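For reference, the chains in residue letters:
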Amino acid sequence: MGLIYGYDIYLHPRNVARALANLAELAPLARAVPPLEITLPGGDRLVLPFTSHFKSEPVDCSTSSTLELDMSLMFDAYDALREYAQTNGPEPEADRRIQIGYIYATIRFESLLHPGYTSVECWAATSGMSRLFARSANIRKAFTDLTADSGGVCCLFDTGDGAPEQVCWLNGELTRETVSGPRFPDRRALVATWSDSEK
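Caption draft 1: Up close: the nonpolar core. Counting residues in hydrophobic clusters, the biggest one holds 47 residues, and the most contacted among them are Leu20, Leu69, Ile100, Phe133 and Phe143. Leaving out residues up to four positions away in the same chain, leucine 69 has contacts with Leu20, Leu36, Ile38, Leu48, Phe50, Thr51, Ser52, Ile103, Tyr104, Ala105 and Ile107. By size, the runner-up hydrophobic cluster in this structure holds 13 residues, among which are Val167, Val179, Leu190 and Val191.

Caption draft 2: View of the packing of helix H1 (residues 16-24) against helix H4 (residues 137-149). Packing of H1 against H4 leaves a shortest axis separation of 9 Å and a crossing angle of 140 degrees. H1 and H4 meet at a crossing whose hand is right-handed. Counted together, Arg18, Ala19, Asn22 and Leu23 of H1 and Leu146, Ala148 and Asp149 of H4 form the full contact between these two elements. In the contact of H1 with H4, the residues fall into four nonpolar, one polar and two charged.

Caption draft 3: Expanded view of the packing of aromatic side chains. The tally for this structure, following the rule as stated, stands at 12 aromatic pairs. Ring centres 5.8 Å apart and planes at 45 degrees place the aromatic pair tyrosine 7 and phenylalanine 133 in the tilted group. You can see tyrosine 7 sitting in strand E1 (residues 6-11) and its partner phenylalanine 133 sitting in helix H3 (residues 127-135), a full 126 residues away along the chain. Note on tyrosine 7: relative accessible area 0%, which makes it buried. Accessibility expressed as a relative area gives 0% for phenylalanine 133, which makes it buried. Consider the rings of tyrosine 7 and phenylalanine 157, whose centres lie 4.9 Å apart with planes at 45 degrees: the pair is tilted. Linking tyrosine 7 in strand E1 with phenylalanine 157 in strand E8 (residues 152-158), this pair joins segments that are 150 residues apart in sequence. The class for phenylalanine 157 is buried, based on a relative accessible area of 3%.

Caption draft 4: Inspection of unusual backbone geometry at higher detail. In this structure, serine 180 follows valine 179 across a cis peptide bond, with omega equal to 15 degrees. For serine 180, the location among the structural elements is in the loop between strand E10 (173-179) and helix H5 (187-191). Positive phi outside glycine occurs at phenylalanine 54, with the angle close to 60 degrees. Relative to the elements of secondary structure, phenylalanine 54 occurs in the loop between strand E3 (45-48) and strand E4 (59-60). Located in the positive-phi region is asparagine 171, a residue other than glycine, with phi close to 50 degrees. Mapped onto the elements of the fold, asparagine 171 is located in the loop between strand E9 (165-170) and E10.

Caption draft 5: Just the pairing of E9, in detail. Where burial is concerned, most of E9 is hidden: five out of the six residues are buried. Taken together, the four bridges between E8 and E9 define a ladder with antiparallel strand orientation. Along E9, the bridge assignment pairs phenylalanine 157 with glutamine 166. Across five bridges, the pairing between E9 and E10 is antiparallel.

About the cut-offs
- Residue positions are given per chain, counting from 1 as you read along its sequence in written order.
- In keeping with the model being predicted, local features are shown solely for residues with a pLDDT of at least 70 and side-chain atom pairs are shown and tallied solely at 80 or more, while totals for entire chains, interfaces and linings include all residues.
- The side-chain numbers reported here are obtained from all heavy atoms of the structure, hydrogens and water having been left aside.
- We call a set of buried residues a nonpolar core when its members are Ala, Val, Leu, Ile, Met, Phe, Trp, Tyr or Cys and they connect through side-chain atoms within 4.5 Å of each other.
- Relative accessibility under 20% of the residue-type maximum defines a buried residue, over 50% an exposed one, and the middle range a partly exposed one, all with a 1.4 Å probe and only protein chains included.
- By the convention used here, residues are in contact when the closest approach between their heavy atoms is within 4.5 Å.
- Fitting a line to C-alpha atoms yields each axis, with helices limited to the stretch in contact; the angle taken between N-to-C directions then spans 0 to 180 degrees.
- Here a helix means four or more residues in a row that DSSP labels H or I, a strand means two or more in a row labelled E, and each is numbered from the N terminus.
- Put simply, a crossing is left-handed when the front helix is turned counterclockwise from the back one by less than a right angle, and right-handed when it is turned clockwise.
- Charged residues are taken to be Asp, Glu, Lys and Arg, nonpolar residues to be Ala, Val, Leu, Ile, Met, Phe, Trp, Tyr, Cys and Pro, and polar residues to be all remaining types, Gly included.
- Classification of ring pairs uses Phe, Tyr and Trp, with its six-membered ring standing for Trp, and accepts pairs whose centres are within 6.5 Å; under 30 degrees between planes counts as stacked, over 60 as edge-to-face, and the remaining range as tilted.
- Strands qualify as paired when DSSP identifies two bridges or more between them.

Shown next, in the form of structure tokens:
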């Protein structure tokens, strides 16, 4: 099995629709498949430029604990992304952004770290993309910006192999801590710092 690296964003459930709308803004303008209609818990409806299980049929999450999305996102073609584009394609668009392949997202409406928060877990589809996730400051910035713009409380970079998770963004600030590390010996210590974490 290959590498599976990803960025996990944690936010209040009230901000899920906003986070998904912000993700949609990173999608390419040209689409070969129909848009996807989503009904979120609580009744909010969105139309997204993604698929779910590679299908475009409407998805009703009103009684579901998770939502699976297949996404193609655009990133600024600088740093490691420029090298990746030269060897893996496709070419950058006119606005100097590139697609890097599928990114899979699992939205857990009650996150594994704290049931009072939703997680948006975005992971790379291939080992090459996983390495790019680890190397590219622009990809990291895209996900920390997404966390900030969506009212998130935390963004983690997770290699999925048991290595310490990297805390990239926490309660409004960029950071480079680890779990487990001196500041956060475990996930419980991290969650305790989240705004409104006791509510």
